[in-house]
Amino acid sequence: MSAHAMHGYRTGGPARPQELDAMLLWPAVALLLLGLVMVYSASIATAEGSRFTGHQPAYFLMRHGVFLAVGLIAAVVAFQVPLRVWQQGAPWLFLLGVALLVLVLVPFIGREVNGARRWLPLGLVNLQPSELMKLFAVLYAADYTVRKLADMGSFRRGFVPMALVMALVGGLLLREPDFGAFVVIICIAMGILFLGGINARLFALLFVVLAAAFVVLIWTSPYRRERIFGFMDPWADAFGKGYQLSHALIAFGRGEWLGVGLGASIEKLFYLPEAHTDFLLAVIAEELGLAGVLTVIVLFGLIVQRAFAIGRQALLLERVYAGLVAQGVGIWIGVQAFINMGVNMGLLPTKGLTLPLMSFGGSGILANCVALAILLRVDYENRALMRGQPV
């Protein structure tokens, strides 16, 4: 802990900016700014070549900048809200999320792109409810676990209610379909239940059942099955089901140690689909090389480590809800970043998940910024309690 922070604890008074967790704040800021630069670099060719964007090279940069500004404003507002208020509102926010997931499936309301109905058109922007649902799932799962702490060893009272709720959310997400968001939300719920003390045998059984369910979901869906086959050998059909992955791997190969230089990517020139969203890391690898990719990994690692450390501190202060929320945010950011990176590197099957804090997309940036603000709020309240101040 910094000398400034320790001085704050001794003297009391309101928390100053320098008392915020620098090892959480600055990596997050670095990822947001690097994401802004790389979204611009990855999207120039796409923006110039599309009538939809008016052939404006900076189209995606400007939109991403606006999304980032909105996300930061929302984060400042969210930081002002005490954790007890988030806890009181958690069930209602979760219900709002479910309602939005239902609404997006209604014909003529939800917007369909590339065969998936995941967006609600709101004039100039599209809202993606599944991104907000990840945040709501963290808040709700933590609240549920706190309310059911005494029943965490019981299958019927501790596990079944949450399983039914997650099955409902999962069913709605698979109808879109958004298998990636489904996996992340299940990981969030499972992780928080585990941290909340669910029976170990029950957790192990649940893990086996979920693994079997994922296999069934993949095997019974032709397009998911094709993605698995394409992932196993992308070069067997490099112009078909292996197209995205093969070009992502080419980007990684071209980048070598230090990259070909910012803006010099070849793969972003209409070869690599979704270069500014799902495959942003491949462009980073090509332009900034292994050094750039390792920097991104280290920055995400710092955020996840701080999330768990802040959560652990809250639990030591007997703030169970705050602790579970903090660690839930860590699970969310960590799992989604891991899946996106694994997909880009060919370690996992192709999945439509963005890189948190970095990829183009308003709903994702908004949800990520608010989540980090809540995480900073947990840390802020921890520090206040350690100074002997009420929160």
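One structure accompanies this document, and this report is about it. (Residues numbered from 1 in each chain as written. Predicted model: local features only at pLDDT ≥ 70, side-chain atom pairs only at ≥ 80, totals over all residues. Heavy atoms only, no water.)

The subject of this paragraph is the side chain of Q128. By the element assignment, Q128 lies in the loop between β3 (125-127) and α5 (129-147). Owing to a relative accessible area of 14%, Q128 belongs among the buried residues under this scheme. Not counting the four nearest positions on each side in its chain, Q128 is found in contact with R118, W119, D178 and S363. (Helix = DSSP H or I, 4+ residues; strand = E, 2+ residues; numbered from the N terminus. Buried < 20%, exposed > 50% of the residue type's maximum accessible area, 1.4 Å probe, protein only. Contact = heavy atoms within 4.5 Å.)

Take the environment of W332 next. Note that W332 resides in helix α12 (residues 320-345). By relative accessible area, W332 is classed as buried at 0%. C-alpha separation for the pair W332 and N368, spaced 36 residues apart in sequence, amounts to 9.5 Å. When residues no more than four places from it in sequence are discounted, the contact partners of W332 are E131, K134, L135, V138, V184, I188, A367, N368 and A371.

Bringing the pairing of strand β2 (residues 116-122) into the picture now. Across the seven residues of β2, five count as buried, placing the element largely inside the fold. As judged from the three bridges shared by strand β1 (residues 111-113) and β2, these two strands associate in the antiparallel manner. By the bridge assignment for β2, V113 is matched with A116. Between β1 and β2, which pair antiparallel one after the other, the connecting turn spans two residues, and N114 there sits at a positive phi close to 55°. Where β2 meets β3, three bridges bridge the pair, whose relative direction is antiparallel. Pairing of L120 across the sheet is with L127, part of β3. Linking two consecutive strands that pair antiparallel, namely β2 and β3, is a turn of two residues; a positive phi of about 75° is found at G123 within it. (Pairing = 2+ DSSP bridges.)

This part takes up the sheet that holds β2. Pairing is antiparallel across the open sheet formed by three strands, whose spatial order is β1-β2-β3. In this open sheet, the two strands that pair with only one neighbour each are β1 and β3. Neighbouring strand axes in the sheet, compared pairwise and without regard to direction, differ in orientation by 50° on average. (Axes fitted to C-alpha atoms, helices over the stretch in contact; angles between N-to-C directions.)

Taking 1.5 Å as the rise per residue, helix α11 (residues 280-316) with 37 residues should run 54 Å; its terminal C-alpha atoms sit only 38 Å apart, a clear shortfall. Approximately 130° is the largest bend angle found in α11, and it occurs at L288. Two residues or fewer past α11, E318 is found with a positive phi of approximately 65°. (Expected span 1.5 Å × (residues − 1). Bend = angle between axes of the 7 residues up to and from the residue.)

Among soluble globular proteins, nonpolar side chains are generally buried collectively. Counting residues in hydrophobic clusters, the biggest one holds 107 residues, and the most contacted among them are V296 and F300. Sort the elements by how many residues they give to this core and α11 lands first, with 14 residues. Apart from residues lying up to four places away in sequence, F300 is in contact with L31, I333, A337, M341, L355, P356, L357 and M358. (Core = buried A, V, L, I, M, F, W, Y, C linked by side-chain atoms within 4.5 Å.)

This part is about the packing of aromatic side chains. For the structure on display, the rule yields seven aromatic pairs. Between F94 and Y140, the ring centres sit 4.4 Å apart and the planes meet at 20°, which makes this aromatic pair stacked. With F94 in helix α4 (residues 83-103) and Y140 in helix α5, the pair connects residues that are 46 residues apart, well separated along the chain. Here F94 matches Y140 in class, with each residue buried. Note on Y140 and Y144: the rings are 6.4 Å apart at their centroids and 35° apart in plane angle, and the pair reads as tilted. Remark: Y144 and Y140 occur in helix α5; sequence separation between them is four residues, near one turn of the helix. Taking relative accessible area as the criterion, Y140 reaches 11% and is therefore assigned buried. By relative accessible area, Y144 is classed as buried at 3%. Taken together through their ring pairs, the aromatic side chains of Y59, F60, F67 and F360 make up a single cluster. (Phe/Tyr/Trp six-rings, centres within 6.5 Å; stacked < 30°, edge-to-face > 60°.)

Moving on to unusual backbone geometry. Of the consecutive residues E176 and P177, the connecting peptide bond is found in the cis state with omega at -5°. Relative to the elements of secondary structure, P177 occurs in the loop between α6 (155-175) and α7 (179-195). You will see that E318, though not glycine, has its phi angle at about 65°, which is positive. For E318, the location among the structural elements is in the loop between α11 and α12.

Our focus in this paragraph is the packing of α7 against α12. α12 packs onto α7 with a crossing angle of 140° between their chain directions and a minimal axis gap of 9 Å. Between α7 and α12 lies a crossing of right-handed hand. Contacts between α7 and α12 pair V183, V184, C187, I188, G191, I192 and L195 from the former with L324, Q327, G328, I331, W332, V335, Q336 and I339 from the latter. Taken together, the residues of the contact of α7 with α12 break down into eleven nonpolar, four polar and no charged. (Left-handed = near helix turned anticlockwise from the far one by under 90°. Nonpolar A, V, L, I, M, F, W, Y, C, P; charged D, E, K, R; others polar.)

Here we take up the pattern of salt bridges. Scanning the model with the defined rule gives ten salt bridges in all. Residues D21 and R306 are paired through a salt bridge, measuring 2.6 Å at the closest nitrogen-oxygen approach. Here R306 lies in helix α11 and D21 lies in the loop between α1 (3-11) and α2 (22-48), a separation of 285 residues in the sequence. In this structure, R117 engages E112 in a salt bridge whose closest nitrogen and oxygen atoms are separated by 3.3 Å. A single network of salt bridges, built from pairs that share partners, joins R319, R377 and E381. (Salt bridge = Lys/Arg side-chain N within 4 Å of Asp/Glu carboxyl O.)

Turning next to a nonpolar patch on the surface. A cluster of nonpolar side chains, W257, L258, L290, L294 and I297, forms an exposed patch at the surface whose accessible area comes to about 550 Å². When you line up the elements, W257 lands in the loop between α10 (243-255) and α11. A relative accessible area of 66% places W257 in the exposed class. (Patch = residues over 30% accessible without salt bridge, like charges linked within 9 Å, V, L, I, M, F, W, Y side chains within 5 Å. Areas by Shrake-Rupley, 256 points an atom, 1.4 Å probe, with all protein chains shown as cover.)

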